[in-house]
2 protein chains.
Amino acid sequence: MIRVLKIGGSILTDKSREFAPREEEITRVAKEIAIHPDDVVLVHGAGSFGHIPAKKYGLPHVFNRQGLRVTHSCVARLCEMVVLALSHAGVDCLPVHPLSCLHLRGGRIDSFFMDPIEEMLKNGIMPVLHGDVAMDATGKAAIVSGDQLVAYIAKSLQADVVAIGSNVDGVLFSGRPLSRITRKELSRVESAIGGSEGVDVTGGMRGKLLELLDLADLGIESMIFNAGIKGNITRALKGEYVGTRIERDK
Amino acid sequence: MIRVLKIGGSILTDKSREFAPREEEITRVAKEIAIHPDDVVLVHGAGSFGHIPAKKYGLPHVFNRQGLRVTHSCVARLCEMVVLALSHAGVDCLPVHPLSCLHLRGGRIDSFFMDPIEEMLKNGIMPVLHGDVAMDATGKAAIVSGDQLVAYIAKSLQADVVAIGSNVDGVLFSGRPLSRITRKELSRVESAIGGSEGVDVTGGMRGKLLELLDLADLGIESMIFNAGIKGNITRALKGEYVGTRIERDK
């Protein structure tokens, strides 16, 4: 049972401050993942390690080579912390950096070399990816969000569970999480959707939903849930629906 | 003019001690590269950052997941130092980690996703790769040496200059560097070839030569030179032959 789990940058970092990891949360998340670690691909958001340097250098609007380097270096540092926490929790894992293994075209994944990820899964190793800067065929500086990575990987591996851990209880309507949403329902409730807090250059909740609705169209359902609530990650990895389920229109 | 430059781990680190970067040498190497940085792919050896943890965990003979993680983390740390030194010397560069972008079969590169590297070169960014652990289709733990990377990349990009910077003056015969060597000449002088000093799990000088002789068979000549001698890197990047030239039999 292949499971793709995203943990949002808002859980792992203080998004309002530069290089501010939430170390206790990283440890807690790692311990929850360690309960059902098999066949999991983990994607984590960049949080303040990505969004703040990206904004500082004008990415993705300005092609700033130094900005690409600094931003990648920061998110790779966060990834190293996550990998280390997982390892301390007993999970065998390895980092996989999108900058090294995929190529964008106009900001969308054009090609993605999945062989190392598949080989890791075969060998009981959890691949750990993250939102990252990446090269783009249009010659622009580009950012690939964790949400786009999740959708691509889930499709490519035909994942059985796709769980997007955010810092809200799901897709909110009048302050309360919807139990399910489809593309048609989205247009109805769109004006009322709650967004992520803090700086987020990758589109927040709307971006997440659009990625996941595309995935649902392909027959792969997913969920957006609150990974800040203890126990939710473990439940999600078991395939229990927590938060909002993203489905296709029947 | 595409140039593939390898800088051996023996230049950048003290191979006899764990985590012992030669910081002055890293700075000096970066400054030399900065004189002709265009269209260069840099590959650096792992030095003590790779060979010591690999040996400690029994890699590549034992499939040790923790060993893979720790060894990769160490070599990535050395790569970050090299990238930072290059950046300080004014070179726009980005790290590319073999663990993320290639797949081995029986210890040899089976597939290698080169798109990000090519896109970086197009955009005036120097890709910086390194000897690394990598996933292997045979399910074994595996190591990909900087020398194997150089040969693959040089072939793939049809490089004009291929320069392997070591800590010796080239391929030595009776203590003196040969100006050129071919496959036939190798068998003649083989018993007298000087090897790299210290711990080197990737085969030392003989491994280097075999990679480069295969490359020469494809019509791509290369050189092994002493990168510890000031000025040699700059000369090699200009396409001047320093050290020993590796050619095919006529």
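Residues numbered from 1 in each chain as written. Chains lettered and ligands numbered in written order. Predicted model: local features only at pLDDT ≥ 70, side-chain atom pairs only at ≥ 80, totals over all residues. Heavy atoms only, no water.

J.: Sorry, what's going on with the pairing of strand β5 (residues 108-112) of chain A here?
T.: Side chains on a regular strand alternate between the two faces of the sheet. All names here are of chain A. With 4 bridges joining them, strand β4 (residues 102-105) and β5 adopt antiparallel strand pairing. Among the inter-strand pairings, L102 is bridged to a residue of β5, identified as F112. In textbook terms, the turn of a hairpin is the stretch between consecutive antiparallel strands, and for β4 and β5 this stretch comprises 2 residues, one of which, G106, has a positive phi near 60°. (Pairing = 2+ DSSP bridges. Helix = DSSP H or I, 4+ residues; strand = E, 2+ residues; numbered from the N terminus.)

J.: What is the right way to look at the relation of the copies chain A and chain B in this model?
T.: For these two chain copies, the linking operation is a rotation about an axis paired with a shift along it. Mapping chain A onto chain B calls for a screw motion: a turn of 180° about the axis and a shift of 0.0 Å along it, with 0.0 Å RMSD after fitting. The operation mapping one copy onto its partner corresponds to a two-fold rotation axis. Within chain A, A:C101 has its C-alpha nearest the rotation axis, a separation of 2.4 Å. When the interface residues of chain A are mapped onto chain B, 100% of them are again interface residues, pointing to one common binding face. (Least-squares fit on C-alpha atoms with pLDDT ≥ 70 in both. Contact = heavy atoms within 4.5 Å.)

J.: Please explain the packing of helix α2 (residues 23-33) of chain A against helix α4 (residues 65-88) of chain A as it appears in this structure.
T.: Pairs of packed helices are described in terms of their axes, by the angle between the two and the distance that separates them. All names here are of chain A. Direction vectors running N to C along α2 and α4 enclose 50°, while the axes themselves pass 8 Å from each other. Put simply, α2 runs oblique to α4. Seen along the crossing, α2 lies across α4 with a hand that is right-handed. The residues of α4 that touch α2, namely those facing I26, A30 and I33, are L78, M81, V82, A85 and L86. Looking at the contact of α2 with α4, its residues break down into 8 nonpolar, no polar and no charged. (Axes fitted to C-alpha atoms, helices over the stretch in contact; angles between N-to-C directions. Parallel < 35°, antiparallel > 145°, perpendicular 65-115°, else oblique. Left-handed = near helix turned anticlockwise from the far one by under 90°. Nonpolar A, V, L, I, M, F, W, Y, C, P; charged D, E, K, R; others polar.)

J.: How should I be thinking about the sheet that holds strand β13 (residues 222-226) of chain B in this particular structure?
T.: Strand pairing in a sheet takes place through backbone hydrogen bonds and is either antiparallel or parallel in direction. Residues and elements named next belong to chain B. Strands sit in the order β3-β6-β2-β1-β9-β13-β14-β12 across an open sheet of 8 strands; the sheet is mixed. Two strands in the sheet have a free side with no partner beyond their single neighbour: β3 (93-95) and β12 (180-181). By the bridge criterion, 5 bridges tie strand β1 (residues 3-7) to strand β9 (residues 161-166) in an arrangement that is parallel. Of the residues in β9, the one forming a bridge with K6 is I164.

J.: Help me out: how do you make sense of the side chain of A:E119 in this one?
T.: By the element assignment, A:E119 lies in helix α6 (residues 115-122). Relative accessible area serves as the criterion here: at 4%, A:E119 is assigned to the buried category. A distance of 2.8 Å separates polar atoms of two side chains, one belonging to A:E119 and the other to B:H103. Ignoring any residue separated from it by four or fewer positions in sequence, one finds A:E119 in contact with B:H103, B:M135, B:D136, B:A137 and B:G139. (Buried < 20%, exposed > 50% of the residue type's maximum accessible area, 1.4 Å probe, protein only. Polar contact = N/O pair within 3.5 Å; in protein donor to acceptor, adjacent residues only side chain to side chain.)

J.: Explain the layout of surface pockets to me, please; I cannot follow it from the model alone.
T.: Over the atoms, a rolling probe the size of a water molecule traces out where space has been left empty. Residues and elements named next belong to chain B. Its boundaries defined by the atoms lining it, the largest pocket holds a volume of some 360 Å³. Among the elements that take part in the lining of the largest pocket, helix α4 (residues 65-88) stands out by supplying 7 residues, more than any other. In terms of residue class, the lining of the largest pocket is built from 7 nonpolar, 6 polar and 4 charged. (1 Å grid on protein atoms, 1.4 Å probe; cavity = no way out; pocket = protein on both sides within 12 Å on 5 of 7 lines; lining within 4 Å. Points joined across faces, edges and corners; volume = space filled by probe spheres on them.)

J.: Sorry, what's going on with the confidence of the model for chain A here?
T.: All names here are of chain A. Confidence along chain A averages 92 in pLDDT terms, with 94% of residues attaining 70 or more. Counted against residues more than four places away or in other chains, residues 196-201, with its pLDDT under 50, gives 10 contacts. The ipTM for the predicted assembly is 0.93, set against a pTM of 0.94. (pLDDT = per-residue confidence, 0-100.)

J.: It is not clear to me how the interface of chain A and chain B should be interpreted in this structure. Could you clarify?
T.: As a measure of interface size, the accessible area lost when the parts come together is often cited. Every contact between the two is made by 36 residues of chain A and, on the other side, 36 residues of chain B. Each partner contributes to the roughly 3,000 Å² buried at the junction of chain A and chain B, and carbon and sulfur atoms together form 61% of this total. On inspection of chain A and its partner chain B, the count reaches 0 salt bridges. Here chain A is connected to chain B by 12 residue pairs in polar contact (both at pLDDT 80 or more). Elements represented by at least two residues in the side of chain A that touches chain B include exactly α4, β3 (93-95), α5 (98-101), β4, β5 and α6 of chain A. Ranked by residues supplied to the side of chain A that touches chain B, first place goes to α4(A) with 10 residues. For the side of chain A that touches chain B, the class distribution of residues is 18 nonpolar, 11 polar and 7 charged. (Buried area = accessible area lost by both parts, 1.4 Å probe. Salt bridge = Lys/Arg side-chain N within 4 Å of Asp/Glu carboxyl O.)

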